[in-house]
Amino acid sequence: MKVLISVDIEGVAGVYHPEQTRAGNGEYERARLLMAEEANAAVAGAFEAGASEVIVNDSHGGFRNMPAERLDARARVVQGKPRYLSMVAGVEEGVNAVCLVGYHSRAHGRGILAHTINSFAFARIAFNGLELGEAGIYGALAGEYGAPVVMASGDDVFIGENRELFPHTVFVETKRATGCNSGISLSPERAREAIRTGVKEALARPPAPPFRLPSPIKTHIRTQTPALADLFCQWPTLSRLSGDEIGFEAPTVEAAVRIVNSLSAMSTMLR
């Protein structure tokens, strides 16, 4: 049994504020260690459940947050960018299950540090009319490779948004949102215990079906400003739907994700 663990930072216990998610300050240095310890808890749970191999994907920001020397030595680690499969890079190696650790709710939601892929660029992303956050987008990408999302952790808003998409998934609530930058969290120690237990429980269950979307993927994006829509529509295959809305059609989820991440990179021109 080969397991991929994709780890973000905003859903980690004790993380509330943008300073904790951005390199260059002391709050981030502490938060990245909390992120690494939640990853280690998931790795431990996977091996205790009988995994033969575990791959950890560093899935936040520049994708090089967790100090490699602080991660469980039994796991292989995917870090750095660009990479075509982004937050689920490693799934192409034939994994049997995916765990999402430290994830957050979608853009303009009520969860802690809510956003979708790029908080500067995107206000809403929908595939085939279904509004998705990062869990849904990358869960669908993993599904194209035949890998189900079996476990996910984050705040209560994140869980509420994704239960229907992933009805067979074990969800672990690490904190409860009371605002975009406030909440009530488990202690890091208790959160790690819950994640370890959740991964073990998820992998002990019968195999879940992958989350799949029918192709082609009709993608609808609401940008944060009309200026971003101006920029993105320099790409000839994109359509302008309104002042701040654009759309395109892609043959697969993977193709749609690669386009979205290219738009995210383009947005830095306007920062």
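Structural data are supplied above this passage.
So, how was this worked out
- Residues numbered from 1 in each chain as written.
- Predicted model: local features only at pLDDT ≥ 70, side-chain atom pairs only at ≥ 80, totals over all residues.
- Heavy atoms only, no water.
- Helix = DSSP H or I, 4+ residues; strand = E, 2+ residues; numbered from the N terminus.
- Buried < 20%, exposed > 50% of the residue type's maximum accessible area, 1.4 Å probe, protein only.
- Polar contact = N/O pair within 3.5 Å; in protein donor to acceptor, adjacent residues only side chain to side chain.
- Contact = heavy atoms within 4.5 Å.
- Phe/Tyr/Trp six-rings, centres within 6.5 Å; stacked < 30°, edge-to-face > 60°.

Caption draft 1: Main features of the side chain of Asn118. Take Asn118: it is sitting in the loop between strand E4 (97–103) and strand E5 (122–127). Judged by its relative accessible area of 8%, Asn118 falls in the buried class. Within the structure, the side chain of Asn118 is placed 2.9 Å from the backbone nitrogen of Phe120, a separation counted as a polar contact. For Asn118, the contacting residues outside a window of four places in its chain are Ser264, Ser267 and Arg271.

Caption draft 2: Highlighting the packing of aromatic side chains. Counted by the stated rule, this structure contains four aromatic pairs. Where Phe122 meets Phe232, the ring centres are 6.1 Å apart and the plane angle is 40°; that geometry is what we call tilted. Here Phe122 is found in strand E5, whereas its partner Phe232 is found in helix H5 (residues 226–232), with 110 residues between them in sequence. In this structure Phe122 comes out as buried when scored by relative accessible area, which is 1%. Aromatic pair Phe158 and Phe171: ring centres 6.3 Å apart, planes at 70°, arrangement edge-to-face. Separated by 13 residues along the polypeptide, Phe158 in helix H3 (residues 156–162) and Phe171 in strand E8 (residues 170–179) bring together distant segments of the chain. For Phe158, a relative accessible area of 0% corresponds to the buried category. Here Phe171 falls in the buried class, since its relative accessible area comes to 13%.

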